[in-house]
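Descriptive structure summary
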Amino acid sequence: MPKFLLSLIFICATTLMWAQDSQQEKLEQRKAQIQQEIRDNEKMLQSVKKKEKSAVNVFLIQANKIKLKEKLINTTAKQEKLLSNDMYINQVKVNKLKKELEVLKADYSKMILKSYKSRSEQSRAMFILSSESFLQAYKRAQYLKQYTNFRKNQGLEIQSKTTELVDYNARLNGQRQVKKKIIAENEKEKQSLEVEKKEQQKLVNSIKKDKGKILADIKAKQSESKRIDRQIDRLIREAIAEANRKAALERAKDNPGTTVSKAPVSSSKIELTPENKILAADFKANRGRLPWPVEKGFISQGFGDQPHPLYNTVTIHNNGVEITTESGSSARAVFAGEVTSVIVLSPINKMVIIQHGDYFSVYQNLSSVSVDKGDKVTIKQNIGKIRTSPETGKTTMKFCISQNSTYADPRGWIQNR
């Protein structure tokens, strides 16, 4: 029973170590990803600082950098905790191996001493010859053979456990060095974070001096945003009505005796064809796993009604999210579908709407477009270049997702970063 329990404990400990190794690897990958995002963010920040006339955009990018730093610190802290747990398990294993070795060596010493005292072949022969029967002599001979093998196996077991102990001690020493490095990294990032926060506070203080100008700018942008939102709503409703007209014609073709109704078609909800039902179901099934509409970037303005990042009394409304990215970046389709609209909002601001069954994805603030209305697009296909503001140096795209004409928060649909 004790051997069974020891085996069970060993199996559980080994399984746990494998699981922790896997978690450690995932955390290391996540840390590398966050560090890359920080480098990308810093690149955007430097680009914007060179051209920035309004410090608000610098504030938004720097605020994201602070969030990334905090994520990095949390990830490193998780690594340290996981490593500490793994080291504890290894230390328990080392202690267990030391005790086992002590017992084995003590038993082996006694066995060697006993063998030494009765080492002569004459003693062995007399032990067998003094048997009362042939069967007893045979059993004694077998016993001596088994005893010799047992002594040999015990020696091998001591050698094996000694090697295992050396390996575990080496692993522990390595883990101590890694933990020391992680703690140093975390401390460095904490100090860096404090510097970033102080810089951010200085920036906030300087921005608040221009409150009147900033509030006027916010009001103008909100007015322009509402105008574009109304245009997007109209285009989506037109796409819904057009899809329903096509569906009605298809039904009429399949049923020659059916008369196409002259009543106005619905512009609020798509009557899905079998093909569009599959596409809509696939789109819905990928909720939370859709790729980002840009290769690199971060959400600089969220969905719905929310306070301005600097002035809590000012409410900003957004039907989608604003994504800040690098200059020269391309917009890409988040899912397969059909382009229903390519609109020129102004000579320097274009927009693409893509239909995915009864879902729509909207890509706004493009400087150029590489698709046309009616084109079938594939997932991650480039659909145009994102505009960089010549005044601020900021490269942003507004991205929306709706089911029919009801908007949803895109953050719930795209992959978490």
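Rules of the game
- Residues numbered from 1 in each chain as written.
- Predicted model: local features only at pLDDT ≥ 70, side-chain atom pairs only at ≥ 80, totals over all residues.
- Heavy atoms only, no water.
- Salt bridge = Lys/Arg side-chain N within 4 Å of Asp/Glu carboxyl O.
- Helix = DSSP H or I, 4+ residues; strand = E, 2+ residues; numbered from the N terminus.
- Buried < 20%, exposed > 50% of the residue type's maximum accessible area, 1.4 Å probe, protein only.
- 1 Å grid on protein atoms, 1.4 Å probe; cavity = no way out; pocket = protein on both sides within 12 Å on 5 of 7 lines; lining within 4 Å.
- Points joined across faces, edges and corners; volume = space filled by probe spheres on them.
- Nonpolar A, V, L, I, M, F, W, Y, C, P; charged D, E, K, R; others polar.
- Pairing = 2+ DSSP bridges.
- Phe/Tyr/Trp six-rings, centres within 6.5 Å; stacked < 30°, edge-to-face > 60°.
- Contact = heavy atoms within 4.5 Å.

**Some thoughts on the pattern of salt bridges**
Going through the model one piece at a time under the given rule, you end up with 8 salt bridges. Note that Glu 238 and Arg 234 form a salt bridge whose closest N and O atoms lie 3.0 Å from each other. Here Glu 238 and its partner Arg 234 are both found in helix H5 (residues 211-254), 4 residues apart, which amounts to about one turn of the helix. Its relative accessible area of 41% is what places Glu 238 among the partly exposed residues.

**Section: the layout of surface pockets**
Computed from the structure, the second largest pocket encloses a volume of approximately 590 Å³. Lining the second largest pocket are 24 residues, and of these Ala 243, Lys 246, Glu 338, Thr 340 and Gln 355 sit closest to its centre. Contributing elements (two or more residues each) for the lining of the second largest pocket: H5, helix H6 (274-285), strand E6 (337-346) and strand E9 (376-377). Broken down by element, the lining of the second largest pocket gets its largest block of residues, 8 residues, from H5. Its residues placed into classes, the lining of the second largest pocket shows 9 nonpolar, 7 polar and 8 charged.

**A short note on the pairing of strand E7 (residues 349-356)**
Burial analysis of E7 places 8 of its 8 residues in the buried class, which makes it a mostly covered element. Burial along E7 is two-sided: Asn 349, Met 351, Ile 353 and Gln 355 and Lys 350, Val 352, Ile 354 and His 356, pointing in opposite directions, are all buried. Here E6 pairs with E7 via 7 bridges, running antiparallel. The partner of Val 344 across the bridge, within E7, is Lys 350. Where E6 folds back onto E7 in an antiparallel hairpin, the turn is made up of 2 residues. Sheet analysis places E7 next to strand E8 (residues 359-369), joined by 7 bridges and oriented antiparallel. Within E8, the position partnered with Ile 353 by the bridge is Val 362. The antiparallel pairing of E7 with E8 creates a hairpin that spans 2 residues between the two strands, and Gly 357 there sits at a positive phi of about 75°.

**Details of the environment of Val 58**
Structurally, Val 58 can be placed in helix H2 (residues 55-117). Taking C-alpha positions, Val 58 is 9.3 Å from Gln 200, a pair spaced 142 residues apart along the chain.

**A look at the packing of aromatic side chains**
Under the defined criterion, the tally for this structure stands at 5 aromatic pairs. On the basis of an interplanar angle of 90° and a centroid distance of 5.4 Å, the ring pair of Phe 283 and Phe 335 is categorised as edge-to-face. Taken together, the positions of Phe 283 in helix H6 and Phe 335 in the loop between strand E5 (330-332) and E6 put the pair 52 residues apart, joining distant regions of the chain. Joined through ring pairs, the aromatic side chains of Phe 283, Phe 335, Tyr 359 and Trp 413 make up one cluster.

**Concerning unusual backbone geometry**
With a phi angle near 80°, Asn 365 is a residue other than glycine that sits in the positive phi range. Phi at Lys 380 takes a positive value of approximately 70°, unusual for a residue other than glycine. With respect to the secondary-structure elements, Lys 380 resides in the loop between E9 and strand E10 (382-386).

**A short note on the pairing of strand E11 (residues 395-403)**
In terms of burial, E11 is a largely internal element, 8 of the 9 residues being buried. Bridge count between strand E4 (residues 321-325) and E11: 5 bridges; the pairing is antiparallel. Bridge pairing in E11 places Thr 325 opposite Thr 395. For E8 and E11, the ladder comprises 6 bridges, and the chain directions are antiparallel. Counterpart to Gln 364 in the pairing with E11 is Lys 398. Pairing of E11 with strand E12 (residues 406-408), which is carried by 3 bridges, proceeds in the antiparallel orientation. Of the residues in E12, the one forming a bridge with Gln 403 is Thr 406. In this structure, the hairpin formed by E11 and E12 is closed by a connection of 2 residues, where Asn 404 is found at a positive phi of approximately 55°.

**So, the environment of Val 369**
In this structure, Val 369 sits in strand E8. Its relative accessible area of 25% is what places Val 369 among the partly exposed residues. Between the C-alpha atoms of Val 369 and Val 342, which are 27 residues apart in sequence, the distance is 8.0 Å. If we skip the residues at most four places from it in the chain, Val 369 touches Val 342, Lys 350, Val 352, Ile 383 and Gly 384.

From the geometry alone we can't say anything about function, so treat these as descriptive.
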